[in-house]
Amino acid sequence: MKDLKYLAAFCIPVFAFLGIYLQNYWVWATPVFAFVCIPILELIFPVDTENLDKDTVDSRLKKKVFDWLLYLNLPIVFGLVIYSLVAVSAKTFATYEFVGLIFSVGIVLGVNGINVAHELGHRQTTNERFIGKALLLPSFYMHFFIEHNYGHHLHAATPEDPATARYNQTVYSFWLTSTVRQYFSAWRIQKRLLENNNQSFLSFKNDMFWYHVFQLGYLTIVFTLFSSKGLIFAIAAGIVGFILLETVNYIEHYGLLRLKTKIGRYERVREMHSWNSNHVIGRIVLYELTRHSDHHYKSSKKYQILDCHDESPQMPYGYPTSMVIAMFPPLWFKIMNKRVPENMVLNRA
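Basis of the calculations
- Residues numbered from 1 in each chain as written.
- Predicted model: local features only at pLDDT ≥ 70, side-chain atom pairs only at ≥ 80, totals over all residues.
- Heavy atoms only, no water.
- UniProt positions renumbered as here; feature names shortened; annotations may be inferred.
- 1 Å grid on protein atoms, 1.4 Å probe; cavity = no way out; pocket = protein on both sides within 12 Å on 5 of 7 lines; lining within 4 Å.
- Points joined across faces, edges and corners; volume = space filled by probe spheres on them.
- Helix = DSSP H or I, 4+ residues; strand = E, 2+ residues; numbered from the N terminus.
- Core = buried A, V, L, I, M, F, W, Y, C linked by side-chain atoms within 4.5 Å.
- Buried < 20%, exposed > 50% of the residue type's maximum accessible area, 1.4 Å probe, protein only.
- Contact = heavy atoms within 4.5 Å.
- Salt bridge = Lys/Arg side-chain N within 4 Å of Asp/Glu carboxyl O.
- Axes fitted to C-alpha atoms, helices over the stretch in contact; angles between N-to-C directions.
- Parallel < 35°, antiparallel > 145°, perpendicular 65-115°, else oblique.
- Left-handed = near helix turned anticlockwise from the far one by under 90°.
- Patch = residues over 30% accessible without salt bridge, like charges linked within 9 Å, V, L, I, M, F, W, Y side chains within 5 Å.
- Areas by Shrake-Rupley, 256 points an atom, 1.4 Å probe, with all protein chains shown as cover.
- Phe/Tyr/Trp six-rings, centres within 6.5 Å; stacked < 30°, edge-to-face > 60°.

In the nomenclature of an unreviewed UniProt entry, the chain is known as Alkane 1-monooxygenase of Winogradskyella litorisediminis. Listed under Sequence similarities (unreviewed entry) in UniProt, the entry text for the chain is "Belongs to the fatty acid desaturase type 1 family. AlkB subfamily."

Right, dumping it as structure tokens:
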């Protein structure tokens, strides 16, 4: 049964489906569940810092159920998108319902879409990477695959990384800087990858080009089948999805900085360069994303075997709760600034 605990991650799309079906104020069930109920549960349930023993790790790596729990998000996410578009195009919703549906679907695109795509994007099999890229499509963030794998993991916790929030930077400022910088960083990385393989920028191997084709094709299909109302809904939900990702990016490395060695290079990424959280509810719902320190320490590790490291900076709350707190910068700074290691603050200044 412990292996099936990650089924709880499907609670969020279940609430979204219910919201579309029941309509009225139920359309807000997903945001309330994600950012009110889950934070409350995180305060109630204990923190779990236990790591798995070697035999359990070996056993979990052999069980395909952990992979299928990720794969199932593909039909769930696209099923929800189609269901919501059909509902929006077939009925005139009140403004509060329309907005609620946008946030509900957007949250699913972020949690069960981009977050799962992040995990699968680190896999080596073509099929898993295909599913990961497909899950990025409705949020218009397919370039994330390139920038995250070839940029963020190389530059995390340095000024060169678009996805690392500066000390005293607000989440609202970060949304803009990270979104824009990651997009252009992905193009630069793509150009370098093509050059390394002696390919032209106009080559069919230019993945960034194809990402734009697929995303524009997706919007064209939405507009053709569901009119301008469906198009507006799809764009707005996608924006909510990637803003949710950027909020997670904000809290994952906020204020942390890798120091430079004597030869002027940054030290290698270690457990202390990401914020860790062992709050069990957030861990389960986000497929262990909250054990982010170990993920950066060894990005090839699958989510079900990630460890907690004592030297990692610990968040006082789980990721969902921290995302809510980040929406109030003075409160966020009051709670988090004193937790940023002093040598990193001084170096940054």
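## Brief notes about empty space enclosed by the protein
This model, assessed by the stated rule, comprises three cavities of 30 Å³ or more. Considered as a void within the structure, the largest cavity measures approximately 250 Å³ in volume. Together, 24 residues line the largest cavity, and G110, N115, V248, L286 and L289 are the ones closest to its centre. Counting residues per element, the ones that place at least two in the lining of the largest cavity are α2 (29-44), α6 (95-121), α8 (144-155), α10 (207-253) and α13 (319-326). The greatest single-element share of the lining of the largest cavity, amounting to six residues, is contributed by α6.

## What about the UniProt feature "transmembrane region" (unreviewed entry) in the chain?
According to UniProt, the positions carrying the feature "transmembrane region" (unreviewed entry) are residues 7-22, 28-47, 68-86, 98-118, 208-226 and 231-251. Secondary structure across residues 68-86 divides into 95% helix and 0% strand, with the first and last C-alpha atoms of the span separated by 27 Å. For residues 208-226, helix accounts for 100% and strand for 0%, while the C-alpha atoms at its two ends are 27 Å apart.

## With respect to the nonpolar core
Judged by nonpolar contacts, the single largest core of 88 residues is most densely connected at Y218, F233, Y250, I251, Y254, Y287 and W332. With residues up to four places along the chain from it excluded, the contact list for I251 reads W275, M315, Y319, S322, M323, A326 and W332.

## What to know about the UniProt feature "domain: Fatty acid desaturase" (unreviewed entry) in the chain
Sites flagged by UniProt as "domain: Fatty acid desaturase" (unreviewed entry) map to residues 99-306. Along residues 99-306 the backbone is 63% helical and 0% strand, and the end-to-end C-alpha distance reaches 36 Å.

## Examining the pattern of salt bridges
Applying the stated rule across the entire model yields twelve salt bridges. When salt bridges that share partners are traced, they join K64, D67, E119, R123, E128 and K302 into one network.

## Remarks on the packing of α6 against α10
Between α6 and α10, the shortest axis-to-axis distance is 7 Å and the interhelical angle comes to 50°. Classed by the angle they form, the pair α6 and α10 counts as oblique. You can see that α6 and α10 cross each other, and the crossing is right-handed. Mapping the contact onto sequence places F98, L101, I102, F103, V105, G106, I107, L109, G110, V111 and I114 in α6 and K229, F233, A236, A237, G238, V240, G241, F242, L244 and L245 in α10.

## Focus: the side chain of H279
Mapping H279 onto the fold places it in the loop between α10 and α11 (280-285). Accessibility expressed as a relative area gives 10% for H279, which makes it buried. Not counting chain neighbours up to four residues away, the residues in contact with H279 comprise E42, V47, M315, P316, Y317 and G318.

## As for a nonpolar patch on the surface
Among the surface-exposed residues, V32, V36, I40, L41, L43, I44 and F45 lie close enough to one another that they form a single nonpolar patch of about 620 Å² accessible area. Summarising the element assignment, L41 is placed in helix α2.

## Quick notes on the packing of aromatic side chains
Centre-to-centre distance and the angle between the planes together describe a pair of aromatic rings. Applying the stated criterion to the full structure yields 25 aromatic pairs. On the numbers, 5.9 Å between centres and 20° between planes, the contact of F17 with Y83 is stacked. Taken together, the positions of F17 in helix α1 (residues 11-22) and Y83 in helix α5 (residues 73-90) put the pair 66 residues apart, joining distant regions of the chain. For F17, a relative accessible area of 29% puts it in the partly exposed group. Judged by its relative accessible area of 30%, Y83 falls in the partly exposed class.

## Considering unusual backbone geometry
Here S227, not a glycine, exhibits a phi torsion of approximately 65°, which is positive. Along the chain, S227 falls in helix α10. Notably, Y287 is not glycine yet its phi reads approximately 50°, a positive angle. Its place among the elements puts Y287 in the loop between α11 and α12 (292-297). Residue class for Y287 comes out buried when judged on its relative accessible area of 4%.

## Examining α13
When you tally the buried positions in α13, you get seven out of eight residues, the bulk of the element. Those residues of α13 that sit buried are Y319, P320, T321, S322, M323, I325 and A326. As for α13, its buried residues are in contact with α2, α9 (171-196), α10, α11, α12 and α14 (329-336).

## Regarding the environment of Q304
Tracing the backbone through its elements, the reader meets Q304 in the loop between α12 and α13. For Q304, a relative accessible area of 2% gives the class buried.

## A word on the packing of α6 against helix α7 (residues 126-136)
Here α6 crosses α7 at 155°, and the two axes come no closer than 8 Å. Classified by the interaxial angle, the pair formed by α6 and α7 is roughly antiparallel. Note on packing geometry: the crossing formed by α6 with α7 is left-handed. Counted together, N112, G113, I114, V116, A117, L120 and G121 of α6 and E128, R129, I131, G132, L135 and L136 of α7 form the full contact between these two elements.

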